[in-house]
Amino acid sequence: MRPILMKGHERPLTFLKYNRDGDLLFSCAKDHAPNVWYADNGERLGTYKGHNGAVWSCDVSRHSTRLLTGSADQTAKLWDVKTGKELFTFRFDAPARSVDFAIGDRLAVITTDSFMGNQPTAQVKRIAEDIEDQTEDSALVISGITGRINRAVWGPGNRTIITAGEDATIRIWDSETGKLLNESDKEVGHQKAISSLSKSLDWSHFLTGSLDKSAKLWDARTLTLIKTYVTERPVNAVDISPTLDHVVIGGGQDAMNVTMTDRRAGKFEAKFFHKILQEEIGGVKGHFGPINALAFNPDGRSFSSGGEDGYVRLHHFDPDYFNIKM
Amino acid sequence: MAAGKIRWGELEEDDGGDLDFLLPPRVVIGPDENGIKKTIEYRFDDDGNKVKVTTTTRVRKLARARLSKAAIERRSWGKFGDAAKEDAGSRLTMVSTEEILLERPRAPGSKADEPSASGDPLAMASKGGAVLMVCRTCGKKGDHWTSKCPYKDLAGPAETVDRPPTSDGPSALGASAKGSSYVPPRLRAGAPTDSGHDMRRRNDENSVRVTNLSEDTREPDLLELFRTFGPVSRVYVAVDQKTGSSRGFGFVNFVHREDAEKAISKLNGYGYDNLILRVEWATPRPN
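Residues numbered from 1 in each chain as written. Chains lettered and ligands numbered in written order. Predicted model: local features only at pLDDT ≥ 70, side-chain atom pairs only at ≥ 80, totals over all residues. Heavy atoms only, no water.

What to know about the overall build of chain B
And then number 1: Across its full length, chain B holds seven helices and 10 strands.
And then number 2: Considering chain B as a whole, with its 287 residues, one finds that 26% of them fall into the buried category.
And then number 3: A separation of at least 24 residues holds for 46% of the contacts in chain B among residues at least 6 apart in sequence.
And then number 4: Within the structure as shown, chain B displays about 20,000 Å² of accessible surface, and the carbon and sulfur contribution to it stands at 52%. (Helix = DSSP H or I, 4+ residues; strand = E, 2+ residues; numbered from the N terminus. Buried < 20%, exposed > 50% of the residue type's maximum accessible area, 1.4 Å probe, protein only. Contact = heavy atoms within 4.5 Å. Areas by Shrake-Rupley, 256 points an atom, 1.4 Å probe, with all protein chains shown as cover.)

Looking at the pattern of salt bridges
Residues and elements named next belong to chain A.
And then number 1: Counting across every chain of the model gives 24 salt bridges over all chains.
And then number 2: Linking Glu-136 and Arg-91 is a salt bridge whose minimum nitrogen-to-oxygen distance equals 2.7 Å. Of this pair, Glu-136 sits in the loop between β12 (121-126) and β13 (138-142) while Arg-91 sits in strand β9 (residues 86-91), and the two are 45 residues apart along the sequence.
And then number 3: Taking the relative accessible area as the measure of exposure, Arg-91 reaches 59% and is therefore exposed.
And then number 4: The partner of Lys-271 in a salt bridge is Glu-269, with the nearest N and O atoms 3.5 Å apart.
And then number 5: Looking at Lys-271, the relative accessible area reads 8%, which means it is buried.
And then number 6: What emerges from the salt-bridge pattern is a single network uniting Glu-232, Arg-233, Glu-269, Lys-271 and Glu-280. (Salt bridge = Lys/Arg side-chain N within 4 Å of Asp/Glu carboxyl O.)

Here we look at the sheet that holds strand β23 (residues 246-251) of chain A
All names here are of chain A.
And then number 1: Reading across from one edge, β22-β23-β24-β25 is the order of the four strands in this open sheet, with antiparallel pairing throughout. Each of the sheet's edge strands pairs with one partner strand only, and the pair in question is β22 (235-240) and β25 (280-284). Taken pair by pair, the neighbouring strands of this sheet meet at an average axis angle of 20°, ignoring direction.
And then number 2: Relative to β25, strand β24 (residues 270-274) runs antiparallel, the two sharing four bridges. Within β25, the position partnered with Lys-271 by the bridge is Gly-283. (Pairing = 2+ DSSP bridges. Axes fitted to C-alpha atoms, helices over the stretch in contact; angles between N-to-C directions.)

Looking at the side chain of Thr112(A)
Residue and element names in this part refer to chain A.
And then number 1: In this fold, Thr-112 is placed in strand β11 (residues 107-112).
And then number 2: Only 2.5 Å separates the side chain of Thr-112 from the side chain of Thr-121, close enough to count as a polar contact.
And then number 3: Those residues in contact with Thr-112 that lie beyond four places of it in its chain are Phe-92, Ala-94, Pro-95, Ala-96, Gln-119, Pro-120, Thr-121 and Gln-123. (Polar contact = N/O pair within 3.5 Å; in protein donor to acceptor, adjacent residues only side chain to side chain.)

Quick notes on the packing of aromatic side chains
And then number 1: Applying the stated criterion across every chain, the model contains 18 aromatic pairs over all chains.
And then number 2: Taken together through their ring pairs, the aromatic side chains of Phe272(A), Phe296(A), Phe303(A), Phe317(A), Tyr321(A) and Phe322(A) make up a single cluster.
And then number 3: It is Arg97(A) that lies over the ring of Trp56(A); its NZ or CZ is 4.0 Å from the centre.
And then number 4: In this structure, Arg75(B) packs its charged tip against the face of Tyr38(A), placed 3.9 Å from the ring centre. (Phe/Tyr/Trp six-rings, centres within 6.5 Å; stacked < 30°, edge-to-face > 60°. Lys NZ or Arg CZ within 6 Å of the ring centre and 35° of its normal.)

Some remarks on the environment of Ser57(A)
Residue and element names in this part refer to chain A.
And then number 1: By the secondary structure assignment, Ser-57 is in strand β6 (residues 55-60).
And then number 2: In the structure, Ser-57 is positioned 94 residues away from Arg-151 in sequence and 9.2 Å away in space, judged by C-alpha atoms.
And then number 3: For Ser-57, the residues in contact, after removing those within four places along its chain, are Phe-15, Cys-28, Leu-68, Thr-69, Gly-70, Arg-97, Ser-98, Val-99 and Arg-151.
And then number 4: There is a polar contact of 2.9 Å between the side chain of Ser-57 and the backbone oxygen of Arg-97.
And then number 5: Within the structure, Ser-57 has its side chain in polar contact with the backbone nitrogen of Val-99 (distance 3.0 Å).

Remarks on the sheet that holds β12(A)
All names here are of chain A.
And then number 1: On the basis of which strands lie adjacent, the open sheet formed by four strands has the order β10-β11-β12-β13 and antiparallel pairing. The sheet is open, and its two edges are formed by β10 (96-101) and β13, each paired on a single side. Neighbour-to-neighbour, the strand axes of the sheet open up by a mean angle of 20°, direction not taken into account.
And then number 2: Inspection of the sheet shows β10 paired to β11 by four bridges, in the antiparallel sense. Its bridge partner being in β11, Val-99 is matched across the sheet by Ile-110.

Observations regarding empty space enclosed by the protein
Residue and element names in this part refer to chain A.
And then number 1: As enumerated under the stated definition, the model contains two cavities of 30 Å³ or more in all.
And then number 2: Here the second largest cavity defines a volume of roughly 40 Å³.
And then number 3: Forming the boundary of the second largest cavity are Ile-145, Thr-146, Gly-147, Arg-148, Ile-149, Thr-163, Ala-164, Gly-165, Glu-166, Asp-167, Thr-169 and Arg-171.
And then number 4: For the lining of the second largest cavity, the element with the highest residue contribution is strand β15 (residues 160-165), accounting for three residues.
And then number 5: Each residue belonging to the lining of the second largest cavity can be placed in one class, and the counts come to three nonpolar, five polar and four charged. (1 Å grid on protein atoms, 1.4 Å probe; cavity = no way out; pocket = protein on both sides within 12 Å on 5 of 7 lines; lining within 4 Å. Points joined across faces, edges and corners; volume = space filled by probe spheres on them. Nonpolar A, V, L, I, M, F, W, Y, C, P; charged D, E, K, R; others polar.)

Points about helix α6 (residues 219-226) of chain B
Three- or four-residue spacings in an α-helix give side chains the same orientation, since the helix completes a turn every 3.6 residues.
Residue and element names in this part refer to chain B.
And then number 1: Every buried residue of α6 is listed here: Leu-222, Leu-223, Leu-225 and Phe-226. Projection of α6 onto a plane perpendicular to its axis shows the buried side chains occupying an angular sector of 160°, all on one side.
And then number 2: Against the buried residues of α6 lie β5 (207-211), β6 (232-239), β7 (246-254), α7 (257-267), β8 (271-272) and β10 (278-281). (Arc of directions from axis to C-beta.)

Some thoughts on the interface of chain B and chain A
As a measure of interface size, the accessible area lost when the parts come together is often cited.
And then number 1: Facing 34 residues of chain B, the contacting portion of chain A comprises 49 residues.
And then number 2: For the pair chain B and chain A, the summed buried surface comes to about 3,500 Å²; carbon and sulfur atoms form 50% of the total.
And then number 3: For the pair chain B and chain A, the interface holds eight salt bridges.
And then number 4: Counting every contact that joins chain B to chain A gives 23 residue pairs in polar contact (both at pLDDT 80 or more).
And then number 5: Those elements giving two or more residues to the side of chain B that touches chain A turn out to be α1 (69-75), α2 (82-85) and β4 (93-95) of chain B.
And then number 6: For the side of chain B that touches chain A, the leading source of residues is α1(B), giving five residues. (Buried area = accessible area lost by both parts, 1.4 Å probe.)

In structure tokens form, the structure reads like this:
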């Protein structure tokens, strides 16, 4: 593979997201403008300017018309994907961390950090079809979690909301009432903060990555642990291949320790594991720092990784990748 | 195809040398059923000569190019934000000059731990294959007694500490010197095990250096390779402390010097893991 290197950000990457057709790639970084790229050749299509802080995550609507971003400037913004125009701003009293559109794009869940004595929350917002009707009101506020919520996503059929964060516990909430339905087992679950969460294509299971150097695969309904993938680095980013039984796990040691270690010893590769056999398939090197974001193209033929080094690396798989036998 | 040179006088004044109207039009032939497309163009070279350029290209349809209508439409969107301002020279997107491979943890097709089906035929032949001999160190049957185990130096260090040092070495060829000769205090049982100097001395004997090993080679692999020539007392592969990968060389100590000679003559230049091994006598380290 000859990866395509995209240097659109000046600060470490935080999040990567493909649209549903897999032709656009959205990248968020600690600089203030998310970028959108053509996912085949890596050409930059545009930037979304308006945030005044690090952008932690984004989500794009099913038909690639609207982009939702959550930022440390205590806002989440809705954007017109095509023109880069800012459509609406949700203001919070704490940095917005994770954003996720529900199926149908009429609802979105946005999490806020604990900040100045505030509790971290996950808030459900209604997304109006006509932007004129859009309001800032929350349909539901989930609170009572200690520690930052690093990821909150919608469960199967929009019935639940799944949160995961610094307290190493995964929780499933009722998306109508806000009642806590289920909690991950402390014994088998992660031991340290959960940094990332990625759903499978059919939404039957999801993968979490944690600083305890492992990634775990969970049933999305019952929250039973299905598989565990053990690596030798803190995990910052995970994703599940949409076509093959592969998962990709990325991470690396803490950014503050990077300069003190040999690059070869830094473990900055994206590691591929077989989803079922839990065996390591291989690693893809390249970043000069930990990997903060990973995403498979929805067609399964390429993936991109974003690192602390500010680069997005877009990898189109070689043909022999698809014939790997375990 | 050279045409007559154009004279200065024939040029119109402010034409800037653009004589393309004098050239025959571009011809495109194909693409035919094999996807071969020919383009014939004419241009002027630096000397004003007319040159015919025929470009043959193969047009390939991308079998996987299943783009939705919306995606095709998005292709023609105008750039916005910072992307609208950037010129072609800004080079935000580059193709890596480095070929990056999906690095497999082990070579495809090989098993993690292959059971040794062959055993070591040379040793078997010389020992006559007594089945009752079971080595307690390595568990191998019919090959050697525990005291003669070629792997005993590979066994855990806890075991080597409480062994009397005189019977420790592989050079104990029937010379059970215990009690009959003087044993220096630092070599006596129970003495502090700071015997590194002495170990090196012994290890220099019948020691074979193996270089150009592949990175995947581990000590058991090397042992597997070398034990066919005779009992091996020590195998060592140099490992990079930071990465944990092999540094590409190692040492093998034989119990018998003739076995080592045999191994050198047979294995020097031997292809192993796509690399040509270099096997030679290890030169003693200068003090």
